[in-house]
Amino acid sequence: MNSNYSNGLIKCTNLSQLFKWCLCFSKAKTFIAFLFFFIFSYSIQGQKKNADYRLTIRKTSAVITIDGVVDEQAWEETDVADDFFMVLPEDTGKAEQQSEVRMCYDDKHIYLAAIFYHNPPGPYYVESLRRDFSFGKNDNFLLFLDPFNNQTTGFSFGANAAGAQWDGTMNNGSSVDLNWDSKWISKVKQDKDKWVVEMAIPFKSIRYKKDVKEWGINFSRLDLKTSEKSSWTPVPRQFSTSTLAYSGVLVWDEAPPPTGVNFSLIPYVLGSVNADNIDGNKTDYETKIGGDVKFALTSSLNLDLTINPDFSQVEVDQQIVNLDRFELFYPEKRQFFLENADLFASFGYANIRPFFSRRIGLDVPIHAGVRVSGNLNENWRMGLMDMQTASDEETGLPSQNFAALTFQRKVFSQSSIGLMFVNKESTSYPMDTEEYRELYPKFNRNLGLEYNLASYNNLWTGKAFVFKSFSPDDEGNGFSQAANIEYKTQNWNFGFKEEYVADDYRAEVGFVPRTGYFKANPFVGYLFYPEKNNTLLSHGPKWTSIFYFDEDLKNTDYLNLLQYYFNFRNRSSFRLTFIDEYVELLEPFDPTGTGKPELPAGSKHHWNALRMNYNSKPQSMFTYSIGTRFGGYYQDGSWTSINNELGYRFQPYVSLSSVISYNNIEMPAPWNTTDFWLIGAKADITFTNKLFFATLFQYNEQSKNFNLNSRFQWRYQPASDLFIVYTYNDELPPYTETTQSLTVKLVYWFNK
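Just so it is clear, the structure is predicted and the values come from calculations on it, not from any experiment. (Residues numbered from 1 in each chain as written. Predicted model: local features only at pLDDT ≥ 70, side-chain atom pairs only at ≥ 80, totals over all residues. Heavy atoms only, no water.)

### Regarding the overall build of the protein
Quick reminder of the rule: Secondary structure elements are defined from DSSP: runs of H or I of at least 4 residues count as helices, runs of E of at least 2 residues count as strands, and each element is numbered from the N terminus. The reference for a compact globule is 2.2 Å times residues^0.38; the radius of gyration itself is calculated from the C-alpha atoms. We call two residues contacting when some pair of their heavy atoms lies within 4.5 Å. Using a 1.4 Å probe, accessible areas were evaluated by the Shrake-Rupley method; residue-level cover was limited to the displayed protein chains. Counted as positive: Lys and Arg. Counted as negative: Asp and Glu, with His and the chain ends omitted from the count. Charge coordinates come from a single atom per side chain, which is NZ of Lys, CZ of Arg, CG of Asp or CD of Glu.
Counting its secondary structure elements, the protein contains 5 helices and 38 strands. For 752 residues, the compact-globule formula gives about 27 Å, and the C-alpha radius of gyration of the protein, at 27 Å, lands near that figure. Dimensions along the principal axes, computed over C-alpha positions, put the protein at roughly 80 × 65 × 50 Å. Long-range pairs, those at least 24 residues apart, make up 60% of the contacts in the protein between residues at least 6 apart in sequence. With an accessible surface of roughly 32400 Å², the protein has 56% of that area assigned to carbon and sulfur atoms. Separation between the mean location of the 72 positive side-chain charges and that of the 87 negative ones in the protein comes to 5 Å.

### Some remarks on the pattern of salt bridges
Side-chain pairs of opposite charge can arise where the charged atoms are in close proximity. Operational definition: Salt bridge, as used here, is a side-chain nitrogen of Lys or Arg placed within 4 Å of a carboxyl oxygen of Asp or Glu. Only protein chains enter the accessibility calculation, which uses a 1.4 Å probe; a residue whose area is less than 20% of its type maximum is buried, one above 50% is exposed, and one in between is partly exposed.
Per the counting criterion, the structure on display carries 22 salt bridges. When the shortest N-O distance is used, the salt bridge between arginine 54 and glutamate 214 registers 2.4 Å. Within this pair, whereas arginine 54 is found in strand E1 (residues 54-59), its partner glutamate 214 is found in strand E11 (residues 214-223), the two being separated by 160 residues in sequence. Owing to a relative accessible area of 32%, glutamate 214 belongs among the partly exposed residues under this scheme.

### Notes on the confidence of the model for the protein
Our working rule: Known as pLDDT, the predictor's per-residue confidence is scaled from 0 to 100.
Per-residue pLDDT for the protein has a mean of 88; in total, 90% of the residues score no lower than 70. The low-confidence segment residues 1-11, where pLDDT is below 50, has 14 contacts with residues more than four positions distant or belonging to other chains.

### Regarding the environment of aspartate 191
One can find aspartate 191 in the loop between strand E9 (185-190) and strand E10 (194-202). Residue aspartate 191 is classed as partly exposed on the basis of its relative accessible area of 40%. Considering only alpha carbons, one finds aspartate 191 and proline 121, 70 residues apart in sequence, at a separation of 9.2 Å.

### Structural notes on a nonpolar patch on the surface
Filter applied, for reference: Excluding any residue in a salt bridge, patches collect residues exceeding 30% relative accessible area, merging like charges within 9 Å and nonpolar Val, Leu, Ile, Met, Phe, Trp and Tyr side chains within 5 Å.
A cluster of nonpolar side chains, namely Phe622, Tyr624, Ile626, Ile642, Leu646, Tyr648, Phe650, Leu656, Ile660 and Trp677, defines an oily patch on the protein surface of about 850 Å² accessible area. Looking at the nonpolar patch, the elements with two or more residues in it are strand E30 (622-633), strand E31 (637-650) and strand E32 (654-666). Per-element accounting of the nonpolar patch gives the leading share, 4 residues, to E31. As for its position among the elements, tyrosine 648 is in strand E31.

### Concerning the packing of aromatic side chains
Here is the rule: Two aromatic rings, drawn from Phe, Tyr or Trp (for Trp, its six-membered ring), form a pair once their centres lie within 6.5 Å of each other, and the interplanar angle then sorts them: stacked below 30 degrees, edge-to-face above 60, tilted otherwise.
If you walk through the whole model with that rule in mind, you get 46 aromatic pairs. For the pair phenylalanine 141 and phenylalanine 219, a centre-to-centre distance of 6.2 Å together with 25° between the ring planes defines the contact as stacked. Highlighted residues: phenylalanine 141 in strand E5 (residues 140-146) and phenylalanine 219 in strand E11, separated in sequence by 78 residues. Judged by relative accessible area, phenylalanine 141 falls into the buried class, the value being 0%.

### With respect to the nonpolar core
This is how it is decided: Here, the term nonpolar core denotes a set of buried Ala, Val, Leu, Ile, Met, Phe, Trp, Tyr and Cys residues that are joined through side-chain atoms within 4.5 Å.
If you look at the biggest cluster of nonpolar residues, it comprises 37 residues, and the most contacted ones within it are Met103, Phe141 and Phe219. Those elements that provide at least two residues to this core are E1, strand E3 (99-105), strand E4 (109-117), E5, strand E6 (154-160), E10, E11 and strand E13 (248-252). In this structure phenylalanine 141 touches Val101, Leu112, Phe116, Phe157, Gly158, Ala159, Trp195, Val197, Met199, Phe219 and Ser220, once residues within four positions along its chain are discounted.

### What to know about the pairing of strand E17 (residues 366-375)
On any regular strand, side chains alternate: one points to one face of the sheet, the next to the other face. Selection criterion: Only strands that DSSP links by at least two bridges are regarded as paired with each other.
Extensive coverage of E17 is indicated by the burial of 7 of its 10 residues. Here strand E16 (residues 301-307) pairs with E17 via 7 bridges, running antiparallel. Looking across to E17, one finds that aspartate 304 is bridged to arginine 371. Bridge analysis of E17 against strand E18 (residues 380-389) gives 9 bridges, and the strand direction is antiparallel. Looking across to E18, one finds that valine 370 is bridged to aspartate 386. Between E17 and E18, which pair antiparallel one after the other, the connecting turn spans 4 residues.

### Topic: the side chain of serine 573
Structurally, serine 573 can be placed in strand E28 (residues 573-584). On the accessibility criterion, serine 573 (19% relative accessible area) is buried. Beyond its immediate stretch of four places on either side in the chain, serine 573 contacts Phe566, Asn567, Phe568, Asn613, Tyr614 and Asn615.

### Side note on the environment of proline 234
For proline 234, the position within the fold is in the loop between strand E12 (228-231) and E13. In this structure the C-alpha to C-alpha distance between proline 234 and glycine 93, which are 141 residues apart in sequence, comes to 8.8 Å. When near neighbours in sequence (up to four residues on either side) are disregarded, proline 234 contacts Asn50, Tyr53, Phe85 and Tyr246.

### A short note on unusual backbone geometry
Proline 120 follows asparagine 119 through a cis peptide bond whose omega is 5°. Within the fold, proline 120 resides in the loop between E4 and E5. Following alanine 669, the chain continues into proline 670 via a peptide bond in cis, with omega recorded as 10°. Here aspartate 83, not a glycine, exhibits a phi torsion of approximately 55°, which is positive. Among the structural elements, aspartate 83 can be located in the loop between helix H3 (73-76) and strand E2 (85-88). Although it is not a glycine, aspartate 211 adopts a positive phi angle of roughly 70°. For aspartate 211, a relative accessible area of 60% translates into the label exposed.

### A word on the pairing of strand E21 (residues 443-454)
Of all the 12 residues making up E21, 9 are buried; the element is thus mostly covered by neighbouring parts of the structure. Across 10 bridges, the pairing between E21 and strand E22 (residues 460-470) is antiparallel. Following the sheet pairing, asparagine 452 is matched in E22 by lysine 463.

### Considering a negative patch on the surface
On the surface, a cluster of negative charge is contributed by Glu434, Glu435, Glu438, Asp473, Asp474, Glu475, Asp503, Glu551 and Asp552. Tracing the backbone shows glutamate 475 in the loop between E22 and strand E23 (479-488).

### Some points on the environment of aspartate 71
Along the chain, aspartate 71 falls in the loop between E1 and H3. As a C-alpha pair, aspartate 71 and alanine 161 span 90 residues in sequence and 19 Å in three-dimensional space.

Below is the structure:
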């Protein structure tokens, strides 16, 4: 045993013992966490914070042309939302940059016109014309709509100062999922002293309940020249302006019109050429036809059907260095799974997910799928999904059916109770033998209940859940449970999280990289705010500890982080982190991730390290971030890494970026010295806000992989696209596999 391990264990013995007793109690008393959250949230609910901020929207019969010029008579007859509040860098007064927003509607559209004055005049900062831009890197305006006025779900639309669009669905009270796209139009015009945006959002593009005459609403503006973020309603600076708990009220002069028949047919046709040298040089040609159907069962509940779906136009994942013992998570990007995705994907925690849609169609085609999702009323939401995949004779993978059912009930101001059932069923084995039935079990099921806490002012948030898995044998019939509570003000941020995942818990349609553990995670942080006009906006420390125990409550891992944050008024930031880490390996592990010998299970390792991260201000044409880590590693070794991201833009048409990561690992024989590079470069060219070209090149020395992905997209009609995608993938020596493909895909969105 090394001396560092001994000293580190002595320092953490008392904390480990304390958390051990807490976890032992939580295992036997899981229901107490639910009861505590229920009683606690009931006691701190109140009226909506900004209910007195009200904007009336009136019907118009006038014709409005979406051209970025606010000259129609209809705009003279609307109420005006102005006199915005500053959120950053201060949240104690009114915004210095003046903004005005007007809204009206007719039988088919919601219209919005906004004017953003720019004083003193100067350049506008935008990243590109790419849809769904990065919020912090663009002068922009965002609209947040809460049609059910439930402070938890909704829609967001926006534009940057060059005219790039932003749209997404909202969930969990403030999160915006930008993977969702809808049909709507907008136009931006710039002057020296102001920029103007006009929007027309079809009623058919959103979901709402008929006869409801009050919606939640807020408007957000970011002006990078002055580093000012502002909001129509006052929002504390520790929260994002998308926080629906702080939204105002949109008052309709009469109930919004019914959408009538809301039916969309979205077919595609595809042709591709694929070449590889895996079984000799060969070339395959493929044509494919499929598509989606969207049908509004009600104005707030949607039916989605997909037949023979194809996801070849989806952007590739950005590679990262993996020196972790467990599987990495990559987010879902496929369009079919995205609307109301939170109903399925937000159950559990990031590392305890009973449902993860990327498990569906993994390396096999999806024949068809159906989804029903949305709001049943202002308190109830539901989601139902069923997908059928093909079998694979080469691997013996059977045809499988994936089903998920969720219900969510709002309680109090923003809290909710959710129920989820997930089922994976093997329906037809191409090689029906005992070997393949053991490799691919007949079924795996998960049933779970969770409670999400959000106080009326968002100061208290939390979650508690329990899931039970069901499999054909006892090895897959376990359960998991977890709970957390967090308190966040402008100065203080503290909380506690605990988790338990049984060794026999299985979520084959989920993401659970680690089983057989208890986890305790306390944290506390404090921010200081210097006097006004100081270069430094805020700074402060944060302490985080994570303790892992096995099912016998023996401490197997811990990670202590002592961090100090510096946040500057120009939106740059610096973070310094001291790391104290201990690991007892539960399984053999290669610490280099390059195929070298493995450390034995049961070996114990302790080290200290220092990490530094800096992000430059986004206003510069040249932006960068740099991170470095140096210190100890497994087997009394050392690990030094340098990570760098560079960006340069010729706004608004060209954005260039690169990612460079270098890692050096020094260990005793037989590992010796291991170093490797990860290099990525991307060119993103946006000719207009409808014509895009992007090329991503990645070289990963750790996994011995080189790949190139080029994608051309022409949005010739709203939500209708032509894609041309070229992909090249090369496994470097000692591997010799090379694959490449060229795909042309045409998608058209028919509306009724």
